[in-house]
Amino acid sequence: MSLETRASTPDLSVRIGSLRLLSPVLTASGCFGSGKEMSGFTDLHALGAVVCKTVTPEPRAGISPPRAAETPSGMLNAIGLQNPGVRSLRDNDLAWLHERDVPAIASIGGHSVDDYVRCAEVLRGTPGLVAIELNLSCPNLGDRGFMFGLAAERTSEVVRAVRGAVEVPLLCKLSPDVTSLVEIASAAVEAGADGLSLINTTLGMAIDVDSFTPKLSTGTGGLSGPAIRPIAVRCVWQVHRALPEVPIVGMGGIATARDAIEFFLAGATAVAIGTANFSDPRVTQRVADGIAEFCKERGIERLGDIRGKVNAQQ
Ligand SMILES: Cc1cc2nc3c(=O)[nH]c(=O)nc-3n(C[C@H](O)[C@H](O)[C@H](O)COP(=O)(O)O)c2cc1C
């Protein structure tokens, strides 16, 4: 299906900077491969864009197992940014998505500002690449206390450097595990981010009481799924109130259209779905259809009309 024939009533298209996406439903990085893996299960054209798994300048093997553990209402993971490297993403996955006319957002990560800039330079001018998401919030890197998104100055530094290297819109993906998310979000926007992705996983831990050992090889890991949805909705709401003009891609525990609507009411422009893909590979399509249905039933002509429309007292 071509991009144009996907425009529909109600109007679910969204804008992130100069970028217009025809659907407000994206994939959350790391939970959908890079599109190819899921294409047999779901219609990639129902998505606004595929957000690919985070890549680094060189391939990474990731952390040794066990790397995932089930918890009540969610999962813990410590994959450690296993990836084939940015060149492989560009030459294989992004080329594959482009051939199929599926908009792609690359997610990039690293240990230094230079790592981010190197990734961005490799991606510059890649056909079909509509935006870059800076993963400033992976809780599973080698130096576990370190995330760029923990401090406003480091966030500004990396966003400014990447902004100078590429033209495409930049999304900044932030962690909820900070004292003032609004301060860090503001720093990202001032440094040139076109939008924010909220939220990455939140740091958690589970212990096997029979063996007395942590369930993940690293001890701690990132918690995702329904358990974090209230945290994510709170983050979107707080940031939207402070920065109402800034596009936000909301994510954290979305599994149904109603979950997604909660994010739009809190102030999200678009949503991304992660963990739910593991139990239902068709969830993105189901949520996209459900959002359209919700709008039709209520006579909402444009999804943007309900953005941030929660009736909160404060
Ligand atoms: C197994 C797994 C791998 C992930 N890998 C990445 C990643 O590579 N880059 C990233 O920015 N976020 C990564 N995330 C975080 C998700 O993109 C998302 O922000 C988070 O899981 C919250 O959404 P959810 O509750 O719908 O999963 C990962 C999450 C999971 C569960």
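On a predicted model such as this, the values are computed, not experimentally measured, just so you know. (Residues numbered from 1 in each chain as written. Predicted model: local features only at pLDDT ≥ 70, side-chain atom pairs only at ≥ 80, totals over all residues. Heavy atoms only, no water.)

### Some points on the overall build of the protein
Inference 1: When its secondary structure is counted, the protein shows eight helices and 16 strands.
Inference 2: A globule of 314 residues ought to have a C-alpha radius of gyration of about 20 Å, and the protein, at 18 Å, matches this closely.
Inference 3: Across its three principal axes, the protein shows a C-alpha extent of roughly 55 × 45 × 40 Å.
Inference 4: Within the protein, the fraction of its 314 residues that count as buried is 57%.
Inference 5: A separation threshold of at least 6 residues defines the contact pool for the protein, and within that pool the share at least 24 residues apart is 72%.
Inference 6: Summing over all exposed atoms, the protein offers an accessible surface of approximately 13,100 Å²; the carbon and sulfur share of this is 52%. (Helix = DSSP H or I, 4+ residues; strand = E, 2+ residues; numbered from the N terminus. Rg over C-alpha atoms; globule rule 2.2 N^0.38 Å. Buried < 20%, exposed > 50% of the residue type's maximum accessible area, 1.4 Å probe, protein only. Contact = heavy atoms within 4.5 Å. Areas by Shrake-Rupley, 256 points an atom, 1.4 Å probe, with all protein chains shown as cover.)

### Examining the pairing of strand 6 (residues 74-77)
Inference 1: Alternating positions in strand 6 separate into two faces, G74 and L76 on one and M75 and N77 on the other, with burial throughout.
Inference 2: The pairing of strand 5 (residues 68-71) with strand 6 spans four bridges and is antiparallel. Its bridge partner lying in strand 6, T71 is registered against G74.
Inference 3: Counting the residues that bridge the hairpin from strand 5 to strand 6 gives two residues, and of these S73 lies at a positive phi of roughly 65°. (Pairing = 2+ DSSP bridges.)

### What to know about the environment of E167
Inference 1: Tracing the backbone shows E167 in the loop between helix 3 (152-163) and strand 9 (170-174).
Inference 2: On the accessibility criterion, E167 (78% relative accessible area) is exposed.
Inference 3: Separated by 97 residues in the primary sequence, E167 and E70 place their C-alpha atoms 40 Å from one another.

### Brief notes about the sheet that holds strand 5
Inference 1: Read across the sheet, four strands follow the order 5-6-14-11 without closing on themselves; strand pairing throughout is antiparallel. Two strands close off the open sheet at either side, each with one partner strand: strand 5 and strand 11 (202-205). Here the strands of the sheet are splayed against their neighbours by 40° on average, with no regard to which way each runs.
Inference 2: Direction of pairing for strand 11 relative to strand 14 (residues 220-224): antiparallel, over a ladder of four bridges. Across the sheet, M205 pairs through a bridge with T220, a residue of strand 14. (Axes fitted to C-alpha atoms, helices over the stretch in contact; angles between N-to-C directions.)

### So, the packing of helix 4 (residues 181-190) against helix 5 (residues 229-242)
Inference 1: Where helix 4 meets helix 5, the axes come as close as 10 Å, and the angle between the chain directions of the two elements is 55°. One element, helix 4, and the other, helix 5, form an angle in the oblique class. For helix 4 against helix 5, the interelement crossing comes out right-handed. From helix 4, L181, V182 and A185 reach across to helix 5, where they touch C235, Q238, V239 and A242.
Inference 2: Here the residues of the contact of helix 4 with helix 5 are counted per class, giving six nonpolar, one polar and no charged. (Parallel < 35°, antiparallel > 145°, perpendicular 65-115°, else oblique. Left-handed = near helix turned anticlockwise from the far one by under 90°. Nonpolar A, V, L, I, M, F, W, Y, C, P; charged D, E, K, R; others polar.)

### Overview of the nonpolar core
When a protein is soluble and globular, its nonpolar side chains tend to lie buried together.
Inference 1: Counting 87 residues, the largest nonpolar core has L196 and I291 as the members making the most contacts within it.
Inference 2: Not counting the four nearest positions on each side in its chain, L196 is found in contact with L171, C172, L174, A185, A188, V189, V239, L243, V246, P247, I248 and V249.
Inference 3: With 16 residues, the next largest nonpolar core counts V14, I16, V130 and A270 among its residues. (Core = buried A, V, L, I, M, F, W, Y, C linked by side-chain atoms within 4.5 Å.)

### With respect to the site of the ligand
Inference 1: As a matter of local geometry, the ligand sits amid 22 residues, with S29, T54, K173, G253 and T275 nearest to it.
Inference 2: Take G274: an N or O atom from its main chain is 3.0 Å from an oxygen atom of the ligand.
Inference 3: One of the side-chain N or O atoms of T275 is found 2.6 Å from an oxygen atom in the ligand.
Inference 4: Protein burial of the ligand: of its 600 Å² of free accessible surface, 96% is covered by the chains. (Near = heavy atom within 4 Å. Polar contact = N/O pair within 3.5 Å; in protein donor to acceptor, adjacent residues only side chain to side chain.)

### Examining the sheet that holds strand 16 (residues 270-273)
Inference 1: Across the sheet, eight strands lie side by side as 3-16-15-10-9-8-7-4; this open sheet has parallel pairing. Only two strands of the sheet have a single partner each, and these edge strands are strand 3 (25-27) and strand 4 (50-51).
Inference 2: Both strand 9 and strand 10 (residues 195-198) contribute to a ladder of four bridges, which runs parallel. If you follow C172 over to strand 10, its bridge partner there is L196.
Inference 3: In the packing of helix 3 onto the sheet, the strands contacted are strand 8 (129-135) and strand 9, and the crossing angle to strand 9 comes to about 160°.

### Quick notes on the side chain of T201
Inference 1: The residue T201 is located in the loop between strand 10 and strand 11 in this model.
Inference 2: Under the relative-accessibility criterion, T201 is labelled buried at 10%.
Inference 3: For T201, the side chain forms a polar contact with the side chain of N200, separated by 3.4 Å.
Inference 4: Dropping the residues within four chain positions of it, T201 is found in contact with N77, P139, S175, P176, D177, G222, L223 and S224.

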